[in-house]
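What follows is each chain in one-letter form.
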Amino acid sequence: MTAETRVPEESKLPLSQALLLPRIAIESTTPVIDGGEFAVKAVVGQRISVTSKVFADGHDKLAVMIRWRPLQDESWHSVVMNDVGNDGWEGAFTVNVQGPHEYCIEAWIDTFASFCYELRKKHEAGAPVSLELQEGRNLVLQAAERSDNELRDRLMMLYHALSGLLETEQVALFLHEDSAYLMTQADHRAYLSISTVYPIDVEREAAQFASWYELFPRSISDHPARHGSFNDVHTRLSMIHDMGFDVLYFPPIHPIGRSHRKGRNNALTAGPDDPGSPYAIGSEEGGHEAIHPQLGSRDDFRRLVKAAAEHGLEIALDFAIQCSQDHPWLKEHPGWFNWRPDGTIKYAENPPKKYQDIVNVDFYAAEAIPSLWTELRDIVVGWVEEGVYTFRVDNPHTKPLPFWQWLISDVRAKYPDVIFLAEAFTTPAMMARLGKVGYSQSYTYFTWRNTKAELAQYLTQLNASPWRECYRPNFFVNTPDINPAFLHDSGRPGFLIRAALATMGSGLWGMYSGFELCEAAPVPGKEEYLDSEKYEIRPRDFTAPGNIIAEIAQLNRIRRQNPALQTHLGLKLYNAWNDNILYFGKRSEDGSNFVLVAVNLDPFNAQEAFFELPLWELGLPDDAQTQGEDLMNGHRWIWSGKTQWTRLEPQMPFGIWRITTP
């Protein structure tokens, strides 16, 4: 080796460091996000399944264990991992309290198990084992000498018992489970290796299982000329509850600016009575901390929060970090914004869309750090103290990720029940990253997945790493901003199809009011609502003919009654031989609840298909009998064999069947 090719001294591994490296390798551990940089998502009561590759040189037996704890606890819990072959190990633990947790994997050479393995092999092969038995007795004596009290006494009893037995009897006693238990308690854990410690964020159940209903309080009115109020919303609580929703979400409820106020259908000029977009936040009456005076007083809001809770509904608010040009901040904190050389301020844009009524803050302006950040945090905390524990955040992907990572952790450190929903329709990497930095759930691409191939691919992706660890999808079927093209001309069947896909596909789903009435009139050529409620007051007759209220109520009832449906995880696609029928199943982790779902994706025609019952998952042969129950109408029957047939009509374009063994 020439001088030019000699390895630099600083890159060589000194022997002193090599001797300190772990002898046992622990790698490919799951669930882990980005090597432990971010916390894996979980909810209270969830079973965390852990897998890892653990191995060492030679043929010694390893002991591998999961250790975990809530961060608030000083002591750790532990559970043994099982060897599943090919260096694979698996185990599980259940998180029963809310808050941050952590876990790691410990592995060591199990000297006594290795001894017993070799002893059994040699004894069964008829080889002499007298020396091995002496080695074993020495292991027991050494274990007793490093033990105390009762354990030491029991190990000494074992040692003396072994010393007085014949060889065959000694072998039997060494291999007895009681001996293994005692030696495990005294194990000195040779070559102990400990993995990286990985974080887990354990939230309340509503972070994973909830049904959202969105409405504009100002539209709960009997006439387009009368501005609805919080007091009017009381009249809707019973029906929303009866439809099975548990989150009632309002777009921004703050004062609306008048400068550049939008008119009907996003017109650049507003009429004198046009209410404006609630996303143009702020006027002389206040900003993000204030309530639009026509909606009512703060006491009215508090009464509504209380009344909603009595109906089993949690109020969610929109957190939209944007300002009208009348927002008090522009005068009080001009340094929080970017101004043009001519003294004007640039309004928001999302080409080709323009939002002349909105301006954005600059998070990294010199005068904005830290005052803007803390002000926004304090606004969230202020609403939490009014009883709001759920926030839908408008366009979080256009704000700095470090801001969200700080704000969410800071708020939840004091108020762990707070849930943040990300309204982010952007690139996959950014959507996943928002989940990693703390968002409990997120809007999704579901809105634009319509064909069997598209839906199958997307549902599979959401169930695979890394998405399953960091991202909880909320399947909103529509929003005030999105009138999906699929609904424009598909009529009532189209709305039923999307409702079934959303409610069965994820533990989280949402709808914007009007969906239950099958509203779909679009702006020609766009996925936007004609006469959008964002720019006008829109009273509705919620009992209008053709509604799907009863079907939505039953879908939500099915979700509550079947634990398998209370998460997006565990979904498996099965064979249905028709490209217009999506067929999948979900089974609870304990196996007791198994629901099959078949959806006709064609809103205009009946579709038929042969399909497979997943009898293999029930441990049944292909000719077994199972019981089916239609969860929409309660009808029951017996299925014989694996291959079955269905016909799904447009008037009821889906089947939801609970499968059990007779």
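Residues numbered from 1 in each chain as written. Predicted model: local features only at pLDDT ≥ 70, side-chain atom pairs only at ≥ 80, totals over all residues. Heavy atoms only, no water.

### Describing the overall build of the protein
Inclusion rule: Comment: elements are numbered from the N terminus, with helices defined as DSSP H or I runs of at least four residues and strands as E runs of at least two. Type-normalised accessible area, obtained with a 1.4 Å probe on protein chains alone, sets the label of each residue: buried when under 20%, exposed when over 50%, and partly exposed for intermediate values. Shrake-Rupley sampling with a 1.4 Å probe provides the accessible areas, and residues are treated as covered by the protein chains on show and by no other component.
Each helix and strand in the protein was counted, giving 17 helices and 28 strands. On the principal axes, the C-alpha backbone points of the protein span a range of 100 × 70 × 60 Å. Put simply, the protein has 662 residues, and 53% of those count as buried. Only carbon and sulfur atoms are counted for the fraction: they give 51% of the accessible area of the protein, which is about 29,800 Å².

### A look at the packing of helix H4 (residues 149–163) against helix H6 (residues 177–185)
Selection rule: Each axis is a line fitted through C-alpha atoms, taken for helices only over the stretch in contact, and angles between the N-to-C directions span 0 to 180 degrees. We call two directions roughly parallel when the angle between them is under 35 degrees, roughly antiparallel when it is over 145, roughly perpendicular when it lies between 65 and 115, and oblique otherwise. Crossing handedness is defined as follows: a turn of the near helix away from the far one that is anticlockwise and smaller than a right angle gives a left-handed crossing, while the clockwise case is right-handed. For this analysis, residues touch if any pair of their heavy atoms sits within 4.5 Å. Under this grouping Gly is polar, as are all residues other than the nonpolar Ala, Val, Leu, Ile, Met, Phe, Trp, Tyr, Cys and Pro and the charged Asp, Glu, Lys and Arg.
It is at 10 Å that the axes of H4 and H6 come closest, and there the two elements cross at 135°. One finds that H4 runs oblique with respect to H6. Note on packing geometry: the crossing formed by H4 with H6 is left-handed. From H4, Leu151, Arg154, Leu155 and Leu158 reach across to H6, where they touch Ser179, Leu182, Met183 and Gln185. In the contact of H4 with H6, the residues fall into 5 nonpolar, 2 polar and 1 charged.

### Quick word on the pattern of salt bridges
Quick reminder of the rule: Salt-bridge detection follows one rule: a side-chain nitrogen of Lys or Arg within 4 Å of a carboxyl oxygen of Asp or Glu.
Throughout the structure, instances matching the rule amount to 38 salt bridges. Between arginine 226 and aspartate 222 there is a salt bridge whose closest N-O contact spans 3.0 Å. The salt bridge involving glutamate 519 is made with arginine 540; its shortest N-O contact spans 2.8 Å. Taken together, the positions of glutamate 519 in the loop between strand E20 (508–512) and helix H17 (549–561) and arginine 540 in the loop between E20 and H17 put the pair 21 residues apart, joining distant regions of the chain.

### What to know about the packing of aromatic side chains
Selection criterion: Here a pair means two rings of Phe, Tyr or Trp (six-membered ring of Trp) with centres within 6.5 Å. Their orientation is stacked below 30 degrees between planes, edge-to-face above 60, and tilted elsewhere. Either the NZ atom of lysine or the CZ atom of arginine qualifies as a charge over a ring when it sits within 6 Å of the ring centre and within 35 degrees of the ring normal.
Within the structure shown, the criterion is met by 40 aromatic pairs. Ring geometry for phenylalanine 245 and tryptophan 509: centres 5.5 Å apart, planes at 35°, overall tilted. Of this pair, phenylalanine 245 sits in the loop between helix H7 (230–242) and strand E12 (247–250) while tryptophan 509 sits in strand E20; the two residues are 264 residues apart in sequence, bridging distant segments of the chain. Comparing phenylalanine 245 with tryptophan 509, the two get one shared label, buried. An aromatic cluster is present here, built from Phe319, Phe363, Tyr364, Trp373, Phe391, Phe403, Trp404, Trp406, Phe420 and Tyr439 joined pairwise through their rings. In this arrangement the basic side chain of arginine 236 is found over the ring face of phenylalanine 542, its NZ or CZ atom lying 3.6 Å from the centre. In this arrangement the basic side chain of arginine 449 is found over the ring face of tyrosine 458, its NZ or CZ atom lying 5.4 Å from the centre.

### Describing the UniProt feature "binding site: alpha-maltose 1-phosphate" (unreviewed entry) in the protein
Applicable threshold: UniProt positions are given in the numbering used here, feature names are shortened, and annotations may be inferred rather than shown by experiment. N or O atoms closer than or at 3.5 Å make up a polar contact, with two conditions inside protein: a donor-capable atom paired with an acceptor-capable one, and, for residues adjacent in sequence, both atoms drawn from side chains.
The feature "binding site: alpha-maltose 1-phosphate" (unreviewed entry), as given by UniProt, occupies Lys262, Gln322, Asp357, Asn395, Lys534 and Tyr535 in the numbering adopted here. Topologically, lysine 262 is positioned in the loop between E12 and helix H8 (298–310). Under the relative-accessibility criterion, lysine 262 is labelled buried at 2%. Non-local contacts of lysine 262, meaning those with residues more than four positions away in its chain, are made with Ala267, Leu268, Ala270, Asp274, Gly276, Lys354, Tyr355, Gln356, Asp357 and Tyr535. A polar contact is formed between the side chain of lysine 262 and the side chain of asparagine 266, at a distance of 2.8 Å. Examined against the element boundaries, aspartate 357 turns out to sit in strand E15 (residues 353–359). Here aspartate 357 falls in the buried class, since its relative accessible area comes to 4%.

### Description of the environment of isoleucine 105
Within the secondary structure layout, isoleucine 105 lies in strand E8 (residues 99–109). Sequence spacing of isoleucine 105 and glutamate 124 is 19 residues, and the spatial spacing of their C-alpha atoms is 34 Å.

### Section: unusual backbone geometry
Going from isoleucine 369 to proline 370, the amide bond is cis rather than trans, its omega being 5°. Considering the arrangement of structural elements, one finds proline 370 in the loop between E15 and helix H10 (371–384). Here the amide bond leading from serine 465 into proline 466 is cis, since omega sits at 5°, within 30 degrees of zero. Phi is positive for aspartate 531, which is not a glycine, with a value near 55°. Relative to the elements of secondary structure, aspartate 531 occurs in the loop between E20 and H17. The partly exposed category is assigned to aspartate 531, whose relative accessible area is 26%.

### Overview of the sheet that holds strand E22 (residues 581–587)
Basically, it comes down to this: When DSSP finds at least two bridges between two strands, those strands are taken to pair.
A sheet is described by the order of its strands in space; here 6 strands give the open sequence E21-E22-E23-E28-E25-E26, paired in antiparallel fashion. Every interior strand has two partners, whereas the edge strands, strand E21 (572–573) and strand E26 (636–640), have only one. Direction of pairing for strand E25 (residues 625–630) relative to strand E28 (residues 654–660): antiparallel, over a ladder of 4 bridges. Looking at E28, one finds that aspartate 630 is bridged to tryptophan 657. The sheet strands contacting helix H13 (residues 452–462) are E21 and E22, and the helix crosses E22 at an angle near 20°.

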